[in-house]
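Fold and geometry: a report
Single-letter residue listing:
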Amino acid sequence: MGQRLDFERPLQELEDKITELHAFMEEKNVDLSDEVSRLQKRLSKMEGEIYENLTAWNRVQLARHPERPTTSDYIERIFEDFLELHGDRLFGDDEAIVGGIATFEGQPVTVIGHQRGKDTKENLRRNFGMPHPEGYRKALRLMKQAEKFQRPVIFLLDTKGAFPGKAAEERGQSEAIARNLIEMAGLTVPIICIVIGEGASGGALAIGVGNHVHMLENSWYSVISPEGAAALLWKDSSLAQQAADTMKITAPDLKELNVIDEIIPEVRGGAHRNVEEQSKAIKAALVKSLEELTQLTKEELVNHRYEKYRNIGQYRFVTDTIGLK
Amino acid sequence: MLKDLFNKKKKYATVPSDKIKQDVPEGIMTKCPGCKSIIYTKELEKSHKVCVKCGYHHQMSAPERLKDTLDHGSFRELDAEMISENPLSFPDYVERLEKDQKKSSLNEAVVTGEGTIDGYRTAIAVMDARFRMGSMGSVVGEKITRAIEHAHKEKIPFIIFTASGGARMQEGVLSLMQMAKTSVALKRFSDDGGLFISIMTHPTTGGVSASFASVGDFNFAEPKALIGFAGRRIIEQTIREDLPEDFQTAEFLLHHGQLDRVIHRADMKKTLSQVLMIHGNRGGE
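None of these values were measured; they are calculated from a predicted model.

How each quantity is defined
- Residues numbered from 1 in each chain as written.
- Chains lettered and ligands numbered in written order.
- Predicted model: local features only at pLDDT ≥ 70, side-chain atom pairs only at ≥ 80, totals over all residues.
- Heavy atoms only, no water.
- 1 Å grid on protein atoms, 1.4 Å probe; cavity = no way out; pocket = protein on both sides within 12 Å on 5 of 7 lines; lining within 4 Å.
- Points joined across faces, edges and corners; volume = space filled by probe spheres on them.
- Helix = DSSP H or I, 4+ residues; strand = E, 2+ residues; numbered from the N terminus.
- Nonpolar A, V, L, I, M, F, W, Y, C, P; charged D, E, K, R; others polar.
- Contact = heavy atoms within 4.5 Å.
- Buried area = accessible area lost by both parts, 1.4 Å probe.
- Salt bridge = Lys/Arg side-chain N within 4 Å of Asp/Glu carboxyl O.
- Polar contact = N/O pair within 3.5 Å; in protein donor to acceptor, adjacent residues only side chain to side chain.
- Pairing = 2+ DSSP bridges.
- Patch = residues over 30% accessible without salt bridge, like charges linked within 9 Å, V, L, I, M, F, W, Y side chains within 5 Å.
- Areas by Shrake-Rupley, 256 points an atom, 1.4 Å probe, with all protein chains shown as cover.
- Lys, Arg positive; Asp, Glu negative; His and termini not counted.
- Charge placed at Lys NZ, Arg CZ, Asp CG, Glu CD.
- Buried < 20%, exposed > 50% of the residue type's maximum accessible area, 1.4 Å probe, protein only.
- Right-handed = clockwise from strand over helix to strand, strands pointing away.

1. Describing empty space enclosed by the protein
Going through the model one piece at a time under the given rule, you end up with two cavities of 30 Å³ or more. Taken as a whole, the largest cavity spans an internal volume of roughly 130 Å³. Contributing to the lining of the largest cavity are 15 residues, with Gly172(A), Ser174(A), Ile227(B), Leu253(B) and Gln258(B) lying nearest its centre. With three residues, helix α8 (residues 173-186) of chain A is the largest single contributor of residues to the lining of the largest cavity. Taken together, the residues that form the lining of the largest cavity break down as four nonpolar, nine polar and two charged.

Quick look at the structure:
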């Protein structure tokens, strides 16, 4: 079942009780199956209550679950013939981003994603999934390669942000992100982006300008992390839970704001509970998106992306303008 | 009279700019943050708001910048009436906007329009750091996008002076998406041969630095302007080491190959004019 989160504690208690009863039944050779099935019913009801009423903060917790599947977990289950490709040809190879070629349902694709580590050692190597400019430039190189050979590009987003470091600034973190936004705007192949965990700020958007953008049910995507928002707005990062709510960062929020296309349902309790099932759900969303987007010509794809982003935002007009004198 | 107090009409940004200038006159003297010397404000204005003693570039408002850059009387504003909504129902956001509207006499953090530089027509956007730190929400993104589209339609260049703390927190993911919105417009403009000049002024950081500001056909900056993606304090906390004094200044960026030139404000108009001239028809007629 994996590590439990604080809001899952009542479930844990019930499960422990059921396990205890089973042990007791075996040990004493008594039949308590009525009691067990009563508890199991209660557990299932409680699961429903908890998982169908997740707060924004609960979803953030799930998105950060230590066992949450990463980009490579999904790549190996969703794609075939994956061949990882390295390096930006300019400076180095950033392991916070993985990318390569593969087939999806027999069709050639390029797949690129942020890559967190599974443990401390891997996290150090992968910089906790926080890319440097060379990571974004590797992504750019691979998407231009995909364009040359006219295969769709699939991006998996999962980052706490672009890395805030000295070297990153020296090598042009801003330019690397900005350049990707521009180039993704004009790419003549289908682009599908899926937020699988955390989607923080420009570091996520830098591989996030797609024809379709989907989010896993318990992922989040915003201009800043809840902690960052709390620190900036209220000078108190402990107000992160409140910020998670106020900032409207969950998949249902973004659907409501017309920023994303589909919410990909997660298995009950979060993607980490069943990676195989979760991969199937993502696969289904990809099949549907590709079916739709491969109908479009190069020009239509670029225009489709233009219209999508051109219309995001809310504003109005007043008549009593001050204007400029 | 008393009744009026209770029937206060809800209005947005009703303070006329002329009035505010009279009510709050600039001090006769200004202290230079660069060399701490006291300068006549009138003298400062004559020298493009650059300290004659130490060369410190004092911050310019959008109206001051337009006056300093464009030919006299040539500016025609676009979308001045556009104002922000409160899409996330963010607490205090509307009040803060109204406060900054009064303070700056602007409806939002960017002024856009068209004008001429030594006779060359150009679309122009100028961000104003006095308004919500020049941050980009839906209105800033939309106005810049419309200015780019205007340049595209008129086949004239697009020039932007950036001054921004980044994306506007109070509009959440919608602010983030303005980076993508301005990018799709710039890409279309650029593919059609449009000339885009970006001039980064103090400060240009976060989501503005990481979108249009960094992808000009020409990337210019003013001396000593702070330009960068992440904040200095966050970087120091992350890497636990002291950063060089000139870190994230225009000169630092120039040294690391991120800028074409650092340009003194007194040479700005001349340089822009030169670029426009060399681009012939694309520089407007």
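Now that the structure has been shown, we can carry on.
2. Some thoughts on the interface of chain B and chain A
With 73 residues of chain B in contact, the opposing surface of chain A contributes 55 residues. Here chain B packs against chain A, burying approximately 5,700 Å² in sum over the two surfaces, 68% of which is carbon and sulfur. Inspection of the chain B/chain A interface yields four salt bridges. In this structure, Glu85(B) and Arg316(A) form a salt bridge, with 3.5 Å as the shortest nitrogen-oxygen distance. One can count 17 residue pairs in polar contact (both at pLDDT 80 or more) joining chain B with chain A. Broken down by element, the side of chain B that touches chain A gets its largest block of residues, 16 residues, from helix α7 (residues 172-191) of chain B. Its residues assigned to classes, the side of chain B that touches chain A shows 39 nonpolar, 21 polar and 13 charged. Pairing geometry for strand β9 (residues 315-317) of chain A and strand β4 (residues 82-84) of chain B, over three bridges, is antiparallel. By the bridge assignment, Arg316(A) is partnered in β4(B) with Ile83(B).

3. Details of a positive patch on the surface
A cluster of basic side chains, namely Lys235(A), Arg96(B), Lys99(B) and Arg233(B), defines a positive patch on the protein surface. Position of Lys235(A) among the secondary structure elements: in the loop between α10 (226-234) and α11 (240-246).

4. Some points on the pairing of strand β8 (residues 196-205) of chain B
Every other side chain in a regular strand lies on the same face of the sheet, so the side chains alternate between the two faces. Residues and elements named next belong to chain B. Judged by how many residues are buried, β8 sits mostly within the fold: nine of 10 residues are covered. Relative to β8, strand β7 (residues 158-164) runs parallel, the two sharing six bridges. By the bridge assignment for β8, phenylalanine 161 is matched with isoleucine 199. Regarding the hand of the β-α-β motif, the stretch spanning β7, α7 and β8 is right-handed. Pairing of β8 with strand β10 (residues 227-228) involves two bridges; the strand directions are parallel. Counterpart to threonine 205 in the pairing with β10 is glycine 228.

Geometry only, nothing functional implied.
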